[in-house]
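# A closer look at the structure
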Amino acid sequence: MKKNILTLSLLSFIGLSAIAQKDEIKNAEDLIEDGNFDQAKTELAAAEEKLSEANDKWTERFYLYKAQAYLADGNSTSVEDFKVAGEAYGKAIEMGSEEAQQGLTNLRNQLVQSAIDDQNTENYTGAADKLVASYEMNKQDTIYLYYAAANSLNAQDYDSALKYYEQLRDLDFDGSSVEYTAVNTETGETESFGSKEQRDMMAKSDQYSDPKDTKQPSKRGEIAKNIALIYIQEGNNEKAISAMDDAKANNPDDVGLLQAEANMYYQMDDKAKYNELMNELVKKNPNDANLYYNLGVSTAELGDQDKAVEYYKKALEIDPSMDNARMNIAAVILSKEREIIDEMNGLGMSKEDNKRYDELAEERKDIYREAIPYLEAIVEKNPENTDAVRTAMNIYTQIGENEKAAEMKALLE
């Protein structure tokens, strides 16, 4: 009889424990509805100690309420709270909860929005942590790992950035896509849509116009470049070159990688190798004005000013609006003045020296006259370009065109 009495007592204890647990879960539900999330967490913590005694229905409800308590009706900004809620929803989903599935989707949207808010306030570390957490909840969404890497880079957390970029590389992440946009007729702003079908449906209404499909290029080149640049930042050029070689071996036709490799050698101050690779790029993309412009910059740094001007002029042929190329041509032309001034300063007071001085003064004016059309073209389109305006004003003064010099001076006032 004593054995039977002990068994009955134990069963009674278990029954009372399960009832108490149900009460705690119900209490948590009421507290969540009232917005008392911290108290709800306390009730749920007490219930969790006895969760193994609950049936599936109450266990599922427990995990749903736990997730809701940690999300705090969308007010939580703690990445740890998001992780706890995500894990709880995951366990409820395993038990067949459709409500948890929708909850997890909402959680991830909330997590990403919170990351965007952090990013906008330059809390790049917080943004990265939340984006990684979102990726961990659904590893199909590798784009969030990509954005996490970028935020870590902005935070100068190079160890984390390198870790994420290498994960993306190992996953063979491409990142290319098509962005479907249309213009909101009320606001005039361009908006993106989740799919072509959604965009096309909205474009049929009076609310949207000008639908466009914009192809977003592969991000492999950028990823390889950033891996290499982080290694360069750490003073490890050998690893940088090795990382770039590996990336090119896997993607030999990726033009973005070739550009990234050129940029890498530029960062290493190997301008000769940079120029070699840029010339390869020009052959592949003969109508890219930016390539010619960048070649002009690096060629000028290598000391071949005449060749640099050729590249700048080629860039202008392709893109006549490229004022930075015009400004650099003017700078190259005006750099010839230095040699003339040095000779003028070295002359004496003899008749021959005075004659040579006058010849050099005229050569100097010829340099000014050669440069001024490029500056005038810039000022005509952009009178707020103070560098161009001030340089033009000084040249006009030197060549005696005082009226034009006064016009330039007025633009600076």
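Quantities reported herein were computed from a predicted structural model and do not represent experimental measurements. (Residues numbered from 1 in each chain as written. Predicted model: local features only at pLDDT ≥ 70, side-chain atom pairs only at ≥ 80, totals over all residues. Heavy atoms only, no water.)

## Observations regarding the overall build of the protein
- Helix and strand counts for the protein come out as 20 helices and 3 strands.
- The contacts in the protein between residues at least 6 apart in sequence include a share of 51% that link residues at least 24 apart.
- Total accessible area computed for the protein in this model is approximately 23700 Å², and 45% of it derives from carbon and sulfur atoms. (Helix = DSSP H or I, 4+ residues; strand = E, 2+ residues; numbered from the N terminus. Contact = heavy atoms within 4.5 Å. Areas by Shrake-Rupley, 256 points an atom, 1.4 Å probe, with all protein chains shown as cover.)

## Concerning helix H4 (residues 79-94)
- Look at H4: 23 Å from first C-alpha to last across 16 residues, which is about the 22 Å you get at 1.5 Å a residue.
- Every buried residue of H4 is listed here: Val-79, Asp-81, Phe-82, Ala-85, Gly-86, Ala-88, Tyr-89 and Ala-92.
- Positive backbone phi, at 95 degrees, marks Gly-96, one or two positions downstream of H4. (Expected span 1.5 Å × (residues − 1). Buried < 20%, exposed > 50% of the residue type's maximum accessible area, 1.4 Å probe, protein only.)

## Structural notes on the nonpolar core
- Counting residues in hydrophobic clusters, the biggest one holds 78 residues, and the most contacted among them are Tyr-165, Leu-168, Met-264 and Tyr-312.
- Top contributing element to this core by residue count: helix H18 (residues 351-381), with 8 residues.
- Apart from residues no more than four positions distant in its own chain, Leu-168 is found in contact with Thr-142, Leu-145, Tyr-146, Ala-149, Phe-173 and Ile-223.
- Among the nonpolar cores identified, the runner-up in size contains 14 residues, and Tyr-63, Leu-104, Leu-111 and Ala-133 belong to it. (Core = buried A, V, L, I, M, F, W, Y, C linked by side-chain atoms within 4.5 Å.)

## Concerning the sheet that holds strand E2 (residues 190-193)
- Reading across the sheet, the 3 strands line up as E2-E1-E3 and stay open at both edges, with antiparallel pairing between neighbours. Two strands bound the open sheet, and with one partner strand each, they are E2 and strand E3 (208-216). Averaged over neighbouring strand pairs, the angle between their axes works out to 30 degrees when direction is ignored.
- As judged from the 7 bridges shared by strand E1 (residues 177-184) and E3, these two strands associate in the antiparallel manner. Its bridge partner lying in E3, Ser-177 is registered against Gln-216.
- Sheet strands in contact with helix H9 (residues 196-203) are E1, E2 and E3, and its direction is about 160 degrees off that of E3. (Pairing = 2+ DSSP bridges. Axes fitted to C-alpha atoms, helices over the stretch in contact; angles between N-to-C directions.)

## Some remarks on the confidence of the model for the protein
- The predicted model of the protein averages 82 in pLDDT, with 85% of residues at 70 or higher.
- With pLDDT under 50 throughout, residues 1-20 is counted as low confidence; its partners more than four residues away or in other chains account for 4 contacts. (pLDDT = per-residue confidence, 0-100.)

## A look at the packing of helix H7 (residues 142-154) against helix H8 (residues 158-170)
- Two elements in contact, H7 and H8, have axes whose closest approach is 8 Å; the angle formed by their N-to-C orientations is 155 degrees. Taken as axis vectors, H7 and H8 run roughly antiparallel relative to one another. Like other packed secondary-structure pairs, H7 and H8 cross with a definite hand, here left-handed. From H7, Thr-142, Leu-145, Tyr-146, Ala-148, Ala-149, Ala-150, Ser-152 and Leu-153 reach across to H8, where they touch Tyr-158, Ser-160, Ala-161, Tyr-164, Tyr-165, Gln-167 and Leu-168.
- Residue composition of the contact of H7 with H8, grouped by class: 11 nonpolar, 4 polar and no charged. (Parallel < 35°, antiparallel > 145°, perpendicular 65-115°, else oblique. Left-handed = near helix turned anticlockwise from the far one by under 90°. Nonpolar A, V, L, I, M, F, W, Y, C, P; charged D, E, K, R; others polar.)

## Considerations on the pairing of E1
- The pairing of E1 with E2 spans 4 bridges and is classified as antiparallel. Within E2, the residue paired with Ala-182 across the bridge is Glu-191.
- The hairpin turn running from E1 into E2, its antiparallel successor, is 5 residues long, and Gly-188 in that turn takes a positive phi close to 80 degrees.

## Considering the pattern of salt bridges
- Under the counting rule described, the total for this entry stands at 27 salt bridges.
- Between Arg-199 and Asp-200 there is a salt bridge, and its shortest N-O distance comes to 2.9 Å.
- When salt bridges that share partners are traced, they join Lys-196, Arg-199, Asp-200 and Asp-213 into one network. (Salt bridge = Lys/Arg side-chain N within 4 Å of Asp/Glu carboxyl O.)

## Some details on helix H6 (residues 124-137)
- Its 14 residues give H6 an end-to-end C-alpha distance of 20 Å, which sits within 8% of 20 Å, the value for a rise of 1.5 Å per residue.
- Listed as buried for H6 are Gly-126, Ala-127, Ala-128, Lys-130, Leu-131, Val-132, Ala-133, Ser-134 and Tyr-135.
- Against the buried residues of H6 lie H4, helix H5 (98-120), H7 and H8.

## Quick word on unusual backbone geometry
- The phi torsion at Glu-122 lies on the positive side, around 65 degrees, for a residue other than glycine.
- The topology assignment puts Glu-122 in the loop between H5 and H6.
- With relative accessibility at 58%, the residue Glu-122 sits in the exposed group.

## Regarding the packing of aromatic side chains
- Under the definition given, this model contains 5 aromatic pairs.
- Geometry around Tyr-146 places Lys-219 over its ring, the cationic atom sitting 5.5 Å from the centre.
- We note Lys-271 situated over the ring of Tyr-266; from NZ or CZ to the ring centre the distance is 4.7 Å. (Phe/Tyr/Trp six-rings, centres within 6.5 Å; stacked < 30°, edge-to-face > 60°. Lys NZ or Arg CZ within 6 Å of the ring centre and 35° of its normal.)

## A short note on the environment of Ser-298
- Residue position: Ser-298 is located in helix H14 (residues 289-301).
- For the pair Ser-298 and Met-278, spaced 20 residues apart in the sequence, the C-alpha separation amounts to 9.6 Å.
- For Ser-298, the residues in contact, after removing those within four places along its chain, are Tyr-266, Tyr-274 and Asn-275.
- One polar contact links Ser-298 to Asn-275, side chain to side chain, over a distance of 2.4 Å. (Polar contact = N/O pair within 3.5 Å; in protein donor to acceptor, adjacent residues only side chain to side chain.)

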